[in-house]
Structure formats: structure tokens, C-alpha cells
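# Structural overview for review
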Amino acid sequence: MTAARRLEGRRAIVTGAARGIGRAIAERFAAEGASVAVLDLDADAAEATAAEIGARAFGVDLADHDAARAAVHEASAALGGLDVLVNNAGILRLGPLLEITPDEWDLVQRVNARSMLSTTQAAAAVMVPAGSGRIVNLASMAAKTGGANEAAYAASKAAVVALTRATALELGPHGITANALCPGYILTDMGAATRTDDDVARWSARSPLGRLGDPADVAGAALFLASDDGAYLTGQALNVTGGMIMH
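Residues numbered from 1 in each chain as written. Predicted model: local features only at pLDDT ≥ 70, side-chain atom pairs only at ≥ 80, totals over all residues. Heavy atoms only, no water.

### Describing the pairing of strand β3 (residues 56-59)
Looking along a regular strand, one sees side chains alternate from face to face of the sheet. Where strand β2 (residues 35-40) meets β3, 4 bridges bridge the pair, whose relative direction is parallel. When the sheet's bridge partners are listed, V38 is paired in β3 with A57. A crossover links β2 with its parallel partner β3, the connecting element being helix α2 (residues 43-53), and its sense is right-handed. (Pairing = 2+ DSSP bridges. Helix = DSSP H or I, 4+ residues; strand = E, 2+ residues; numbered from the N terminus. Right-handed = clockwise from strand over helix to strand, strands pointing away.)

Have a look at this one:
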């Protein structure tokens, strides 16, 4: 017998889905039966990913509030509705606390946190009338632990967790859940230029499982939250850290 696909007939938007964690989530959702729209700043990469997984692609700068809202509306219309929004798009900027400029700080907040407000507002316009929906926001282990040289990034991801809780409280009465995922060290292109083999070995030793995460690990958690199995979870910030963080 063929196992039932967990997102059969669902319509999903995944931001920042041209590569890395976002791509893994979009690919897993498509494999589980969802109609998927890939949103990404890199329109060409989004098109390539969409072609490979059977999705639709939309190029958009999510740091632009109006453009982000418009892209969600356009993608929802193309899909014929919206059941799941995964806010994955984000950037990483490292640097000493005392050297962060206002422009650098504001860019990280716009991309990592404010963009999720923009897309959530647009998604809610579709989900609220339907009386159901799933929102999954990608935060980070840094939201709970902070980190030297990560002030702007950690602050933005803590904001994602707080935004997720507010979203859960306000949209819950409309049948919409909102949860955050807090990945730990996941081997993706983001941060590849700044990590060494010694870093990977040191970080791996922090996990009881003795390894770093893979984008597929995060995709599995996102699938759970987007599926019927996650229907009674809302307002949570779930760690996907291999046990590096347990609270």
C-alpha cells in the first residue's frame, strides 16, 4: 500500500526557498502532495528550484514591505488559495557589537523579522476568511542563546519568536496556528565562508547526537507543523538543534 501524503491538496508558500533550508522544505512539501510557491530574492535560482520540484517561482525582495505583501497575494492567487506559509528567508551578518552600524542593524531586522510581519499580514488576508492555516517561522538557536558577534542576527531571531507568539494569540481564534523553528548549526551555504573544519568538529561535539544538522532535519520539523499532526501546537519555538538547546 502507498502511504498517504501528509500535505495532499494543501497550498504552501515558502520564502527564501531557492536553496538551503528553504529549498529542503519546499521540496519536502511538494513530495508530500502540496502545491508550492517558491519566493526568493534570487529570481533565477527560484525558477531553477521550482522547475526541479514542480513548484511556482516568484522573485521578490522581502525587505520591501509592499513587494513582500504583493508577492504573497500573487502566489496565493496562482495556487488558488493558501494553507501554509513558511517564513524562511533570512540573512546572517557577523561582527563585534561595538562596530555594528545602524544601517547594518536595520537591514538584518528588515530581512529577518519585518519581512515575516509583511508576509504574515498578506497570508492572513487569505487564511482568516478560510478559517484555517499554518504559519511556520524560521527563527534560530541564537534567539535563545544569543552569541558573540551575532547581536543583530540574534536580536532579529528573538523578534521572530516574539512575533510568532503574538501571531498565535491573534490568529488562533481564526483556526490558524503559528509556530517557530529554532535550528542550531545546520550545514548550508549561509555561513559557509566563515566556518572551518575545526568549527564543524567543535560544534558537533556540543550535540548529544555528535553531528550537525542537515536541511532535511529542519524540513521534517516544518512538515510536522504544517500537517494535521501539528494541529494542536501553536505559539511554540521548537528547537532543531540535536540537543544543543533543550529549553
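Read on for the rest.
### Points about the packing of aromatic side chains
By the definition in use, this model includes 1 aromatic pair. When the centroid spacing of 4.3 Å and the interplanar angle of 5° are considered together, the rings of Y185 and W203 count as stacked. Residue Y185 is found in the loop between β6 (176-183) and α7 (197-204), and its partner W203 is found in helix α7; the two are separated by 18 residues along the sequence. Judged by relative accessible area, Y185 falls into the partly exposed class, the value being 23%. (Phe/Tyr/Trp six-rings, centres within 6.5 Å; stacked < 30°, edge-to-face > 60°. Buried < 20%, exposed > 50% of the residue type's maximum accessible area, 1.4 Å probe, protein only.)

### Points about the pattern of salt bridges
Across all of its chains, the model carries 9 salt bridges by this definition. Measuring nitrogen to oxygen at the nearest pair gives 2.4 Å for the salt bridge that ties E52 to R23. With E52 in helix α2 and R23 in helix α1 (residues 20-31), this residue pair connects regions lying 29 residues apart in the sequence. Residue E52 is classed as exposed on the basis of its relative accessible area, which comes to 57%. A residue is classified by how much of its surface remains accessible, and R23, at 22% relative accessible area, is partly exposed. (Salt bridge = Lys/Arg side-chain N within 4 Å of Asp/Glu carboxyl O.)

### A short note on the environment of W203
Assessed through its relative accessible area of 18%, W203 is described here as buried. The sequence separation of W203 and E104 amounts to 99 residues, and the corresponding C-alpha distance is 27 Å. Those residues in contact with W203 that sit more than four places away from it in its chain are Y185, R195, L212 and M244. (Contact = heavy atoms within 4.5 Å.)

### Regarding the nonpolar core
Among the nonpolar cores identified, the biggest contains 31 residues, and I25, F29 and V36 are the most heavily contacted of them. If near-sequence neighbours (up to four positions away) are discounted, V36 is found in contact with A12, V14, A26, F29, A30, A55, R56 and L79. Counting 23 residues, the second largest nonpolar core, distinct from the first, contains L39, A68, A71 and A75. (Core = buried A, V, L, I, M, F, W, Y, C linked by side-chain atoms within 4.5 Å.)

### Let's talk about the side chain of T120
In this fold, T120 is placed in helix α4 (residues 102-130). Of the residues examined, T120 reaches a relative accessible area of 8% and is grouped as buried. Reaching out from T120, the side chain makes a polar contact with the backbone oxygen of M116 at a distance of 2.7 Å. Beyond its immediate stretch of four places on either side in the chain, T120 contacts L85, N87, I135, T167 and L171. (Polar contact = N/O pair within 3.5 Å; in protein donor to acceptor, adjacent residues only side chain to side chain.)

### Focus on the packing of α1 against helix α8 (residues 215-226)
Following both chains from N to C, one finds α1 and α8 inclined at 50°, their axes separated by 8 Å at the closest point. Between α1 and α8, the angle falls in the class oblique. Seen from above, α1 lies across α8 with right-handed handedness. Where α1 abuts α8, its residues G20, I21, A24, I25, R28 and F29 lie against P215, A216, V218, A219, G220, A222, L223 and A226. Looking at the contact of α1 with α8, its residues break down into 11 nonpolar, 2 polar and 1 charged. (Axes fitted to C-alpha atoms, helices over the stretch in contact; angles between N-to-C directions. Parallel < 35°, antiparallel > 145°, perpendicular 65-115°, else oblique. Left-handed = near helix turned anticlockwise from the far one by under 90°. Nonpolar A, V, L, I, M, F, W, Y, C, P; charged D, E, K, R; others polar.)

### Some remarks on unusual backbone geometry
The backbone of N149 sits at a positive phi, close to 70°, despite the residue not being glycine. Mapped onto the elements, N149 comes out in the loop between α5 (142-145) and α6 (151-171). Overall, the relative accessible area of 40% leaves N149 in the partly exposed class.

### Some thoughts on the sheet that holds β6
Strand order across the open sheet formed by 7 strands is β3-β2-β1-β4-β5-β6-β7, with parallel pairing between neighbours. One side of each edge strand has no neighbouring strand; the edge strands of this open sheet are β3 and β7 (237-240). Strand-to-strand twist in this sheet, taken as the mean axis angle between neighbours without regard to direction, amounts to 20°. Sheet strands touched by α8: β4 (84-87), β5 (133-138), β6 and β7. Its angle to β6, the strand with the most contacts, is close to 165°.

### Considerations on helix α3 (residues 65-79)
Note: α-helices contain 3.6 residues per turn, so residues at a spacing of three or four share the same orientation. Between its first and last C-alpha, α3 extends 21 Å over 15 residues, near the 21 Å set by a 1.5 Å rise per residue. If you check which residues of α3 are buried, you get A68, A71, V72, A75, S76 and L79. Here the buried residues of α3 occupy an arc of 130° about the axis, which is enough to place them on one side. Residues of α3 that are exposed and point more than 90 degrees away from the buried face comprise D66 and A77. Structurally, α3 contributes buried residues whose contacts are with β1 (11-15), β2, β3 and α4. At the N-terminal end of α3, a side-chain oxygen is found 3.1 Å from the backbone nitrogen of D66, two or three residues along, and the residue is D64. (Expected span 1.5 Å × (residues − 1). Arc of directions from axis to C-beta.)

By themselves, these observations are geometric and do not establish any function.
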